[in-house]
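Architecture at a glance
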Amino acid sequence: MGMGKVNGHAIMISLPHQGHINPFIYLALKFASKGFTVTFVHLESVHHKLLSKLGPQADLFSQARHSGLDIRYATIGDGLPLEFDRDLHFEEHWGVIMRDFPSLVDEFVGELMRSDPDFDYFLMTDTFYPWPPAVARKYNLVNVSFWTQTALTFALPYHWHLLEQNGHFPCKDDMEEEIDYIPGVGQINTKDVMSYLKESGLASIVTKAMAAALDAVKSADLILHNTMLELEPETLSALNEHQPNYAVGPVNFSKSLHSHTVSNSLWSEADCTDWLQSKPPASVLYVSFGSFIHTTKQVIEELAHGLFLSGVDFVWVIRPGILSCGNTDVLPEGFGDMIEGKGLVVPWCNQMRVLSNPAVGGFLSHCGWNSTLESMWCGVSMICYPIAYDQTANRKLVIEKWKFGVNLCDGESLDRVEIAEKIKGFMSGASSDSLRQEASKLKVAMEKALEINGSSDRTFDQFVEDLKVKMD
Ligand code: UDX
């Protein structure tokens, strides 16, 4: 095969969570729009959710195909029965995904390559998976790893051995020490590192899985990041000393891709537009804790009273299953009547549509990376209530580095009066305008990065060139 003759076909496999699926879908569209063939592989359980929501439209890419993109859709089992509640029994699900899934992927890849041998396949996998190097080796495939979060939260576990050497793995829960030796990271306090690096997170399977995954990524050929150069220049450039890293994000917002409407939401979306239409500009607080984390009834109760006491209008997403106990009775009794006209509680919504509504003036968020990017993209400032995983590290970036957010509080012992004061100050206090200005600046920077010849656009083209060379 000669240079430039690569007939590239990406086999793309994301982690089966909304926060990973979303960027993967847009990355798939991006690849296809550059002339690659893509086979997008969903877990059967995810497909099943989409099927019950969308019917035959669950094949996410039918519209993109109509407009000429060669993007195929396939499903694969994870080794558990469909009726198994993967959200509630997350740890067990991860265990199975890490243990049984690799051999199913192996079979799938082998079968795909046999049935359609006229392509130059490559493997495009979520960095959270530890198995890609083995599959890539077996089938002689280039392996592209996609890290869907910040470069900061990649760099920390990438240098796991340094954390260990310095007595920061695991980080003791009551420890407050500065970590200042991770290349390109500057300083981060141990309290802000990801929960799977902390002592209290050790029992979770996530720690083991992440250690294996961050070890595996060292044999990836190329690494894509869903961040942009302007957000984390030092961290990205330090990572490049080790392996080729490409900041091509945020992939979710590339304008050219939005003609290919993809319904990627795993739950039905309530429409908040009419309700928001009746509210003055920048007056409503949008509250959501993403697709994945759980919390306690006590936390929800204090937040509910805090929101009510603040007097601020709000839209609050309370996903069924948000409580760790599995209880569906989430809100305090009588809350619906208390907030009549002032608050709208929905089980799920189109977050981008809500955030881009002019009535929304702030986002109370758990700081999931997608939510953080979406907030920036819409020029909305944030009030942060991180709960687990990368969220405390993201909060640090939002508040200290990008300066478009403030902190709500830490941990589970919230106080409703304090919450109300913080929310009031955030929405209409002395610093609320400057926070919104910073968010607007980030919005502009993001638009620039994604434009033709912007940093993320150029980096993606460079990545495609380098990928072709690797495959040649
Ligand atoms: C997970 C982790 O928890 C998070 O820390 C990590 O950064 C990404 O993976 P999740 O908790 O779901 O993600 O948060 P986030 O990354 O913010 O993703 C949530 C996605 O769901 C966003 O794209 C958001 O637009 C979408 N969403 C959320 C909706 O479409 N509707 C809603 O009502 C709420």
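Residues numbered from 1 in each chain as written. Predicted model: local features only at pLDDT ≥ 70, side-chain atom pairs only at ≥ 80, totals over all residues.

Examining the site of the ligand
By nearness alone, 26 residues border the ligand, and Gly-19, Gly-290, Gln-351, Gly-368 and Ser-371 come closest of all. The class makeup of the residues in the shell around the ligand is eight nonpolar, 16 polar and two charged. Taken together, domain 1 (8–148 + 220–261 + 450–471) and domain 2 (273–429) each give at least three residues to the shell around the ligand, which thus spans both. (Near = placed C-beta within 6 Å. Nonpolar A, V, L, I, M, F, W, Y, C, P; charged D, E, K, R; others polar. Domains from an automatic or database assignment.)

Description of the environment of Asn-240
Counting through the fold element by element, Asn-240 comes out in the loop between α10 (233–239) and β9 (245–247). Residue classification places Asn-240 among the partly exposed residues on the basis of 14 C-beta atoms within 10 Å. A sequence separation of 17 residues divides Asn-240 from Ile-223, and the C-alpha atoms of the two residues are 9.8 Å apart. (Helix = DSSP H or I, 4+ residues; strand = E, 2+ residues; numbered from the N terminus. Buried ≥ 20, exposed ≤ 12 C-beta atoms within 10 Å, placed from the backbone.)

Observations concerning the nonpolar core
Grouped together as the largest cluster of nonpolar side chains are 138 residues, with contacts concentrated most on Met-12 and Ala-28. No other element matches the nine residues that helix α1 (residues 18–33) contributes to this core. Residue assignment places this core across two domains, with domain 1 (8–148 + 220–261 + 450–471) and domain 2 (273–429) each supplying three or more. Filtering out sequence-adjacent residues up to four positions away, Ala-28 remains in contact with Met-12, Val-38, Phe-40 and Ile-71. (Core = buried A, V, L, I, M, F, W, Y, C linked by C-beta atoms within 7 Å. Contact = placed C-beta atoms within 7 Å.)

Considerations on the sheet that holds strand β11 (residues 313–317)
Taken in spatial order, the six strands of this open sheet run β12-β11-β10-β13-β14-β15, and their pairing is parallel. The two strands at the open ends of the sheet, each matched to only one other strand, are β12 (343–346) and β15 (405–407). Looking at each pair of strands side by side, their axes are set apart by 20° on average, direction ignored. The pairing of strand β13 (residues 360–365) with strand β14 (residues 382–384) spans three bridges and is classified as parallel. The residue of β14 that forms the bridge with Phe-363 is Met-382. (Pairing = 2+ DSSP bridges. Axes fitted to C-alpha atoms, helices over the stretch in contact; angles between N-to-C directions.)

With respect to the sheet that holds strand β8 (residues 222–225)
Read from one edge of the open sheet, seven strands run β3-β2-β1-β4-β5-β8-β9, paired in parallel fashion. The two strands at the open ends of the sheet, each matched to only one other strand, are β3 (71–76) and β9. Ignoring which end each strand starts from, the neighbouring axes of this sheet average 25° apart. Summarising the sheet, strand β1 (residues 8–13) and strand β2 (residues 37–43) pair through five bridges and their orientation is parallel. Paired with Ile-13 across the bridge in β2 is Val-41.

Section: the environment of Ala-211
By the element assignment, Ala-211 lies in helix α9 (residues 205–216). Note on Ala-211: 16 C-beta atoms within 10 Å, which makes it partly exposed. Taking C-alpha positions, Ala-211 is 7.3 Å from Pro-157, a pair spaced 54 residues apart along the chain.

Observations concerning the domain arrangement of the protein
By the assigned domains, the protein splits into domain 1 (8–148 + 220–261 + 450–471) and domain 2 (273–429). Computed over C-alpha atoms, the centres of domain 1 and domain 2 are 30 Å apart. Each partner contributes residues to the interface: domain 1 has ten residues there, and domain 2 has ten residues. Among the residues forming the side of domain 1 that touches domain 2, the class breakdown is three nonpolar, six polar and one charged.

Quick look at the pairing of β2
Among the seven residues that make up β2, seven are buried, leaving the element largely enclosed by the rest of the structure. Side chains of β2 alternate between two faces, with Thr-37, Thr-39, Val-41 and Leu-43 and Val-38, Phe-40 and His-42 buried alike. Crossover connection from β1 via α1 to parallel β2: handedness right-handed. The pairing of β2 with β3 spans six bridges and is classified as parallel. From the neighbouring strand, His-42 faces β3, where its bridge partner is Thr-75. (Right-handed = clockwise from strand over helix to strand, strands pointing away.)

Side note on unusual backbone geometry
Geometrically, the link from Phe-169 to Pro-170 is a cis peptide bond, its omega value of -10° lying close to zero. Structurally, the position occupied by Pro-170 is in the loop between α8 (160–165) and β6 (178–179). With an omega of -10°, the peptide bond between Gly-249 and Pro-250 qualifies as cis. Secondary-structure assignment places Pro-250 in the loop between β9 and α11 (273–277). Backbone geometry at Cys-367 places phi at a positive 70°, although glycine is not the residue there. With respect to the element layout, Cys-367 can be found in the loop between β13 and α15 (369–377).

A word on helix α12 (residues 297–310)
Taking 1.5 Å as the rise per residue, α12 with 14 residues should run 20 Å; its terminal C-alpha atoms sit 20 Å apart, in good agreement. When α12 is considered as a whole, its buried residues turn out to be Val-299, Ile-300, Glu-302, Leu-303, Ala-304, Gly-306, Leu-307 and Ser-310. Here the buried face of α12 lies against β11, α13 (335–338), β12 and α17 (416–428). The first or second residue beyond α12 is Gly-311, which carries a positive phi of 75°. (Expected span 1.5 Å × (residues − 1).)

Some thoughts on the packing of helix α5 (residues 101–115) against helix α6 (residues 132–139)
Look at α5 against α6: their axes get within 10 Å of each other, and the N-to-C directions meet at 30°. Comparing their axes, α6 and α5 come out roughly parallel. For the element pair α5 and α6, the recorded crossing hand is right-handed. Counting all contacts with α5, which are made through Pro-102, Val-105, Asp-106, Val-109, Gly-110 and Met-113, the residues of α6 involved are Ala-134, Val-135, Lys-138 and Tyr-139. In terms of residue class, the contact of α5 with α6 is built from seven nonpolar, one polar and two charged. (Parallel < 35°, antiparallel > 145°, perpendicular 65-115°, else oblique. Left-handed = near helix turned anticlockwise from the far one by under 90°.)

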